[in-house]
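Chain residues, written in single-letter form:
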Amino acid sequence: MKAVFFDFDGTLTLTSLNFWKKMWLALGYDIKEGSYYKNLFHSAMSGKLTHQQWVDKCCAKFQDGGLTKDMLIDLAKTIDMIDGVEETMKELKKRGFRLFIVSGNVRQVIDENLGDLTNYFDGIYANDFVFNDDGSLNHIVGTKYDNEGKARLIKLMSEITESPISNFWFVGNGGNDEWVYTTGCKTLLINPYDTKQHDNTSVWHKQLKKVTNLTQILSVIND
């Protein structure tokens, strides 16, 4: 199997502000250094909280702030997708690649923005918000495949399909994508944002720093 794994925020979208920050801001919360949000984030990134524990604490604040399903979808509609997504996915499928999204975003947000384009993907891995019948937030099922989990997913997919990881590409833009190279997967950095090792060719094998149309990656992912 040949495959391409895509990050979502800042890779398939034009926004540099990740969607979690958008949600906190939309509910009137502060996200500056020293805020509850920032302290919570640091605890998660330092390993003091598991991903699910972080998600649960975020969920409690979202419930306090009155987040609803309609609000989530309305916020999702403020996201602009990068040009050329459908053309790129169609061409990659033609070349025999299976396509996946592995993201720290929200499954409902990704579905809202992709619409029928979700049909191009063999799997979409993201956090899942579960709502009550009245639209209020019940709980969040945290993805197992964010940050270092992105590397775990790629290893798992290689084992399940009995495919060499050298057949896989990963396309991302941020610091939470920088574990992927440890798998041996080929990595492509586009429109870099908050990357700590963007100039390290061991971490990012290829780079396209100014991508305005996703079809630009087709000249790189050509095997």
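Everything numeric in this text was worked out from a predicted model, so none of it was measured.

Describe the side chain of D7, naming the residues involved and giving the relevant values.
If you trace the backbone, D7 turns up in the loop between β1 (2-6) and α1 (19-26). With a relative accessible area of 3%, D7 lands in the buried category. Side-chain polar atoms of D7 contact the side chain of T11, separated by 2.9 Å. Those residues in contact with D7, other than ones at most four positions away along the chain, are L12, V102, S103, K150, F170, V171, G172, N173 and D177.

Kindly report on the pattern of salt bridges, identifying the contributing residues and their values.
Inspection of every chain in the model, using the stated rule, returns eight salt bridges. For D111, the salt bridge identified is with R107, shortest N-O distance 2.9 Å. Taken as a pair, D111 and R107 lie in helix α6 (residues 107-114) at a separation of four residues, close to a single helical turn. Using a relative accessible area of 30% as the deciding quantity, one classes R107 as partly exposed. Here K150 ties to D177 by a salt bridge, and the two come within 2.6 Å at their closest N and O atoms. Of the two residues, K150 is situated in helix α7 (residues 148-161) and D177 in the loop between β5 (168-172) and β6 (186-190); the sequence distance between them amounts to 27 residues. For D177, a relative accessible area of 2% puts it in the buried group. The network of salt bridges with common partners includes D7, K150 and D177.

Procedures and definitions
Residues numbered from 1 in each chain as written. Predicted model: local features only at pLDDT ≥ 70, side-chain atom pairs only at ≥ 80, totals over all residues. Heavy atoms only, no water. Helix = DSSP H or I, 4+ residues; strand = E, 2+ residues; numbered from the N terminus. Buried < 20%, exposed > 50% of the residue type's maximum accessible area, 1.4 Å probe, protein only. Polar contact = N/O pair within 3.5 Å; in protein donor to acceptor, adjacent residues only side chain to side chain. Contact = heavy atoms within 4.5 Å. Salt bridge = Lys/Arg side-chain N within 4 Å of Asp/Glu carboxyl O.

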